[in-house]
Amino acid sequence: MTPRPRLSPSLARAAVLVAGALALPALAPGAARAQGLLSMQGFGYPTGQLSTRALGTAGALGEFDPGSPLNPAALSYLFRPTIGVQFDPEQRELTAGDRRSRGVVPRFPVITVGIPGWRGTRFAVSASTLLDRSFSATRPTTGTFEGVAVAGTENTSARGAISDVRGAVAVPVRRWLRVGVAGHLLVGDNRVTTTLRFADSARLAPLADSVLVAWRGAALSGGLELIPVRGVSVATSYRLGRALRAERRDTVVARGDVPDRLGLALRVDRITGASIAVSWSRTYWSDMRTLGTAALRAQDGDELRAGVEALGPKFNDVPTQLRIGVAQRELPFGVAAGFPRERSVGGGVGVPLGGGRAVLDLALQRASRTLGGTALAGAPPVTARESAWLASVGLTLRP
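It should be emphasised that the depicted structure is a prediction, and the values quoted were computed from it without experimental measurement. (Residues numbered from 1 in each chain as written. Predicted model: local features only at pLDDT ≥ 70, side-chain atom pairs only at ≥ 80, totals over all residues. Heavy atoms only, no water.)

Here we take up the confidence of the model for the chain. Reading predicted coordinates in detail is not appropriate for stretches of low pLDDT. Residues of the chain with pLDDT of at least 70 account for 85%, and the chain-wide mean is 84. Predicted confidence in the chain is weakest over helix H1 (residues 9-19), with a mean pLDDT of 37, and strongest over strand S13 (residues 261-268), with 98. Note that residues 1-36 has pLDDT below 50 and, in this model, 100 contacts with residues that lie over four places away or in other chains. Throughout residues 373-377 the model reports pLDDT below 50, and contacts reaching past four residues in sequence, or to other chains, amount to 8 contacts. (pLDDT = per-residue confidence, 0-100. Helix = DSSP H or I, 4+ residues; strand = E, 2+ residues; numbered from the N terminus. Contact = heavy atoms within 4.5 Å.)

Encoded structure:
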């Protein structure tokens, strides 16, 4: 019978981290082969909850966009029943020292259904990705068998996300004021599998451990859009997070809060056929810190975005929409060397189909992520950079 090795210290440590849904160990040169770890620290990568249309402006139009589940007041722009779906693949490359790795992550980040109601009231239900945590990491390790160190390879992979299911309603109070409210359910799971394979595979069989952590939480949000003068709009929204639980086998293993979020945006439509928008938001990711251990580093993150949407050439006698934008933000979860910062530039196009009964939106962004902030005392110096291409394809049906 093939002898079974004892669980290595590194594998045992990984199992403990998984059970508590904790952050990955600090990024080190030995972990440079991990696929996209710079953006996948902690509880995952914040997708932004933005529609393809908003992504074409780097997110600047998010507070005004009914397809982006951020500001419920934006539903006032729904004039017909609407169904929206999108697909967002990301290709990324991580460089740490002299090592490189590549990875591809497919996402379906936003699905929306909106219905106009009585006297301008609008209703919508959406499902969007708050945090995506899909990665695979490989590193060399050493196991112990009968007191003898045996070389091997440890692979840790995660599949899962925290999703935001939102029900919202918007009401036009005045011609110059629109308000909206929404309720949120935060659900999802994350399965992390750690496999240890020994170099002497003839004598030592692989050892694997898999843990599933489920997420359950709730939040409330409200927003408004104010039009102080013709051609100028100001929008703001706030999400108030309630309790968020991490469960394993129906047992609560950690408690925290859904992160609060404050957003503020300005849109100017004084140029015929064009909209210029700038936005700022802060998400209080530190509300999730108690879901981890002292090893988890979480910070509140600011986002700055600016973009333009303008009428383009006609397609089947209906104008297309051209978009461009830039953005900068702080990613919420860090490593011993600091917190990642993301800068991105992108553009997109909206193509009407079926005489305006459908719209095909396309967007492409180039993102650069680098470590920033102050390193922990005693942490080794690490230079890491992650670059990514983020595509988005959205289809909106207006039957």
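Having seen the structure, we can now continue with the description.
With that settled, consider unusual backbone geometry. Backbone geometry places Gln49, a non-glycine residue, at a positive phi of 55°. Positionally, Gln49 belongs in the loop between strand S1 (45-46) and helix H2 (52-56). According to the relative accessible area criterion, Gln49 is buried, its value standing at 5%. The backbone of Arg249 shows a phi angle near 55°, a positive value even though the residue is not glycine. Mapped onto the secondary structure, Arg249 falls in the loop between strand S11 (232-248) and strand S12 (251-257). (Buried < 20%, exposed > 50% of the residue type's maximum accessible area, 1.4 Å probe, protein only.)

If you look at the biggest cluster of nonpolar residues, it comprises 19 residues, and the most contacted ones within it are Phe43, Leu131, Trp215, Met288, Leu291 and Phe333. Those elements that place two or more of their residues in this core are strand S6 (122-132), strand S10 (207-229) and S11. At 4 residues, S10 tops the list of elements feeding residues into this core. In this structure Phe333 touches Gln41, Gly42, Phe43, Gly44, Leu131, Trp285, Met288, Leu296, Arg297, Ala298, Phe339 and Pro340, once residues within four positions along its chain are discounted. Core analysis: the next-biggest nonpolar cluster, separate from the first, contains 10 residues, Met40, Phe135, Val192 and Ala367 among them. (Core = buried A, V, L, I, M, F, W, Y, C linked by side-chain atoms within 4.5 Å.)

Together, Ile83, Val85, Ile111, Val113, Ile115, Phe123, Leu395 and Leu397 line one region of the surface with nonpolar side chains, adding up to about 640 Å² of accessible area. The set of elements that each furnish at least two residues to the nonpolar patch consists of strand S2 (82-87), strand S5 (110-116) and strand S21 (384-397). The element best represented in the nonpolar patch is S5, accounting for 3 residues. Mapping Phe123 onto the fold places it in strand S6. Take Phe123: its relative accessible area is 43%, and that puts it in the partly exposed class. (Patch = residues over 30% accessible without salt bridge, like charges linked within 9 Å, V, L, I, M, F, W, Y side chains within 5 Å. Areas by Shrake-Rupley, 256 points an atom, 1.4 Å probe, with all protein chains shown as cover. Salt bridge = Lys/Arg side-chain N within 4 Å of Asp/Glu carboxyl O.)

Taken as a whole and judged by the stated rule, the model has 4 aromatic pairs. Ring centres of Phe43 and Trp215 lie 5.5 Å apart, and the angle between their planes is 90°; this geometry places the pair in the edge-to-face category. With Phe43 in the loop between H1 and S1 and Trp215 in strand S10, the pair connects residues that are 172 residues apart, well separated along the chain. The same class applies to Phe43 and to Trp215, which are both buried. When the ring of Phe43 is compared with that of Phe333, the centres are 5.4 Å apart and the planes differ by 75°; the resulting orientation is edge-to-face. With Phe43 in the loop between H1 and S1 and Phe333 in strand S18 (residues 333-334), this pair connects stretches of sequence that are 290 residues apart. A relative accessible area of 5% means that Phe43 is categorised as buried. The class of Phe333 is buried, set by a relative accessible area of 2%. Taken together through their ring pairs, the aromatic side chains of Phe43, Trp215, Trp285 and Phe333 make up a single cluster. (Phe/Tyr/Trp six-rings, centres within 6.5 Å; stacked < 30°, edge-to-face > 60°.)

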